[in-house]
Amino acid sequence: MSSTQIRARRERAAWQTIDSGQLLLIATAGLFVVVAIAEVAAAGLRQPNVAIIFGVLIALGELFRMVMPGNREVAPIASAGAMGYALLVGIGPEGAPPDAPLGVVPAEHSPLQVVAVTSVGMLVGSLPHIMVGRSPRPDAMARRLFTVAVVALCFRPMLSLGLPWQLLLAVMGLVVVLSCFTDVLIAAMIRAEAVRARFGIALRDEIDAKMALCAATSATAMLIAVATTAMGEAALLIFTVPILVTQFAFRRYAGIRATYLQTVRALSRVTEVGGYVETGHSRRVSRLSVAMGRELGMSEEELLELEYAALMHDIGQLSLGDPIPGGATVLASPAEQRRIAELGAEVIKQTGVLDRVAHIVQLSSHPYRTGPETLAGPGEAGQPVPAPPLAGRIIKVANAYDDLVGDSADRDRGAAVLERLRLDSAAEYDPTVVEALSRVVDRRPRP
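If you're wondering where the values come from, they're calculated on a predicted model, not measured in any experiment.

**Notes on the overall build of the protein**
Inference 1: The helix and strand tally for the protein stands at 18 helices and two strands.
Inference 2: Residue pairs in contact within the protein that sit at least 24 positions apart in sequence constitute 71% of those at least 6 positions apart.
Inference 3: Counting only carbon and sulfur atoms, one obtains 63% of the accessible surface of the protein, whose full area is about 21,400 Å².

**Observations regarding the pattern of salt bridges**
Two side chains carrying opposite charge are able to pair once their charged atoms lie near each other.
Inference 1: For the coordinates displayed, the defined rule picks out 22 salt bridges.
Inference 2: For Arg-137, the salt bridge goes to Asp-139, with nearest N and O atoms at 3.1 Å.
Inference 3: Where Glu-278 meets Arg-284, a salt bridge forms, and the shortest distance between an N and an O atom there is 3.8 Å.
Inference 4: Assessed through its relative accessible area of 14%, Arg-284 is described here as buried.
Inference 5: Each of the salt bridges in this network shares a partner with another, and the network as a whole consists of Glu-62, Arg-65, Glu-73 and Arg-144.

**Quick word on the UniProt feature "transmembrane region" (unreviewed entry) in the protein**
Inference 1: Those places that UniProt annotates as "transmembrane region" (unreviewed entry) correspond, in this numbering, to residues 21-44, 50-67, 74-92, 112-133, 145-163, 169-190 and 234-250.
Inference 2: Its end C-alpha atoms 34 Å apart, residues 21-44 is made of 96% helix and 0% strand.

**A closer look at the nonpolar core**
Inference 1: In this structure, Phe-54, Tyr-85, Leu-87, Phe-155 and Met-172 are the most contacted members of the largest nonpolar core, which totals 52 residues.
Inference 2: Of all the secondary-structure elements, those providing two or more residues to this core are helix H2 (20-43), helix H3 (48-63), helix H4 (76-87), helix H5 (111-131), helix H6 (138-155), helix H7 (165-195) and helix H8 (199-231).
Inference 3: When residues in this core are grouped by element, the largest group, 10 residues, is from H6.
Inference 4: Other than its neighbours up to four places away in sequence, Leu-87 contacts Val-151, Phe-155, Arg-156, Met-172, Val-176, Ala-221, Met-222 and Ala-225.
Inference 5: Counting 44 residues, the second largest nonpolar core, distinct from the first, contains Ala-345, Ile-348, Val-357 and Val-405.

**Concerning helix H15 (residues 355-363)**
Inference 1: If you check which residues of H15 are buried, you get Val-357, Ala-358, Ile-360, Val-361 and Leu-363.
Inference 2: Among the structural elements, helix H13 (300-311), helix H14 (334-349) and helix H16 (390-405) are those in contact with the buried residues of H15.

**Topic: the packing of H14 against H15**
Inference 1: Where H14 contacts H15, the axes come no closer than 8 Å and their chain directions differ by 175°. As far as their axial angle goes, H15 and H14 are roughly antiparallel. Across the interface between the two elements, Ala-341, Glu-342, Gly-344, Ala-345, Ile-348 and Lys-349 from H14 touch Asp-355, Val-357, Ala-358, Val-361 and Gln-362 from H15.
Inference 2: Across the contact of H14 with H15, the residue classes break down as six nonpolar, two polar and three charged.

**Observations concerning the packing of helix H12 (residues 281-295) against helix H18 (residues 431-442)**
Inference 1: Orientation of H12 relative to H18, taken along the N-to-C sense of each, is 110°, at an axis distance of 9 Å. As far as their axial angle goes, H18 and H12 are roughly perpendicular. Contact residues: H12 offers Leu-288, Ala-291, Met-292 and Glu-295, while H18 offers Val-433, Ala-436, Leu-437, Arg-439 and Val-440.
Inference 2: Classifying every residue of the contact of H12 with H18 by side-chain character gives seven nonpolar, no polar and two charged.

Rules used in this analysis
Residues numbered from 1 in each chain as written. Predicted model: local features only at pLDDT ≥ 70, side-chain atom pairs only at ≥ 80, totals over all residues. Heavy atoms only, no water. Helix = DSSP H or I, 4+ residues; strand = E, 2+ residues; numbered from the N terminus. Contact = heavy atoms within 4.5 Å. Areas by Shrake-Rupley, 256 points an atom, 1.4 Å probe, with all protein chains shown as cover. Salt bridge = Lys/Arg side-chain N within 4 Å of Asp/Glu carboxyl O. Buried < 20%, exposed > 50% of the residue type's maximum accessible area, 1.4 Å probe, protein only. UniProt positions renumbered as here; feature names shortened; annotations may be inferred. Core = buried A, V, L, I, M, F, W, Y, C linked by side-chain atoms within 4.5 Å. Axes fitted to C-alpha atoms, helices over the stretch in contact; angles between N-to-C directions. Parallel < 35°, antiparallel > 145°, perpendicular 65-115°, else oblique. Nonpolar A, V, L, I, M, F, W, Y, C, P; charged D, E, K, R; others polar.

So this is what it looks like as C-alpha cells:
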C-alpha cells in the first residue's frame, strides 16, 4: 500500500470519528464562512490594507498553533489577532476627519468581513501543515472561528451608537468574557460526547485547562484593538509580544507533560520486555482505568495521575526472583500483592515528582473494605489498613479483569470474569467500580 493510500485511509478514519456535536459545529461555522465571503464579494473589502495586516497575523498564528494537554488544539496568536480585528474601533488619528468619533479614522469593516478575513487567514496558515500531512482538526478550527464570530456580531454593531471610550472598553470586556464562556461551553459539550464524560466534569476540565490561556488571549486582543486605534497599524507588531511569550510558556508546559507521559509509558514496558507480564497488559489496564475513571466522574488531572499509576502498577514485579505465571498478580497471595505494590511505589518515588502516583500504586493492592482482619501476613494481623483511594480501587479492578481476560475478545469470558469480580465485591473490590467496568466493557465494539 502506497503512502498516499495510507494517508487517505487515516484521513477517512479521522472524519469517521467526528461525532454529531462536532459535525453541527463544523456545519454552522461553514455556513458563517459562506455567508461572510458572499457578503464581502458583493459589497467589496473595506479598508483592505488593515484587513491584509490582520489576515497575515491570523495566518501566522495558525501556522504556529500548538496542542495542549488533553489533545486540545489551540492557536492563541491567531485568536488574539482575529478578536482584535473584531474589536477594532479605529486605525489611528492620522488622516482622521474633523468630525470623526473619538478623533481617529473609524474602522469600517462589518462583522461578516471579520469572519471572512479570519477564515481566509486560518486557511492560509493551515496550508503548510496540510502539505506535510498534519491536517488541522476541523472542530477546533470551527470553534475558534465561531468564537470570533460571536465577538464580531456582538461588538461591531455597538460602534454605530457613538459610545464614549469608557463605555466601549466595558463592552469590549463583556464581549470577550462572553466569547471565552462560549468557547469553553462548546468545547465541554464536544468533549463530553467524545470521551463519554459527564458534562459537568468536562466543563470543569475545560475551565481548568483553558481559562488562563483564554484570559491572556482576550487581554491581548483588547490591547491590540485599543493600541491600533490609538497608534495605527504599527502598534499591532508591538502589542502581539505578550501573547507570544504566553504561547512559549504554554508550549513548554505542554512539552513537559508529554515528556512525562512518554517516560512513564517507556518505564511501564520494562516488565513486559523482561517477561514479567503479558505484552500489552499495562496499556490495556491503563485504558480500562481511564475509561472507568471518566465513568465515575474523575477530573482530567485525576485521570492523568490514574493513567500514570495504571501504567506502572506492576513495576514492583521486577523485584521477584520467580516471576508470577503470566504476570497475573490477581493469582498471587494478598501479602505478595502488597509487597509488589509497595516495591513499585518505592521505584516511582525515586522520580521525585510522582509521589501521589506512588501513593496510588502502593494502595492499589489493598482490599476495598479495610480493617484489621484483612491483613493476614506474618506480623501483619491486627494492623490497620489504609483505605485505598478511588484511583487505587479502579486499578485493582482493571488489573484483575485484564489478568483473567488478557487480550481476548471473547465476550462470554469477559462476562464470566465480571461475575467473579461481583462475587468478590463484598470485601475485595469496590462494587461501584466493578459496575463502571461493566458499562465500559459493554460499550466496546463487538469483534
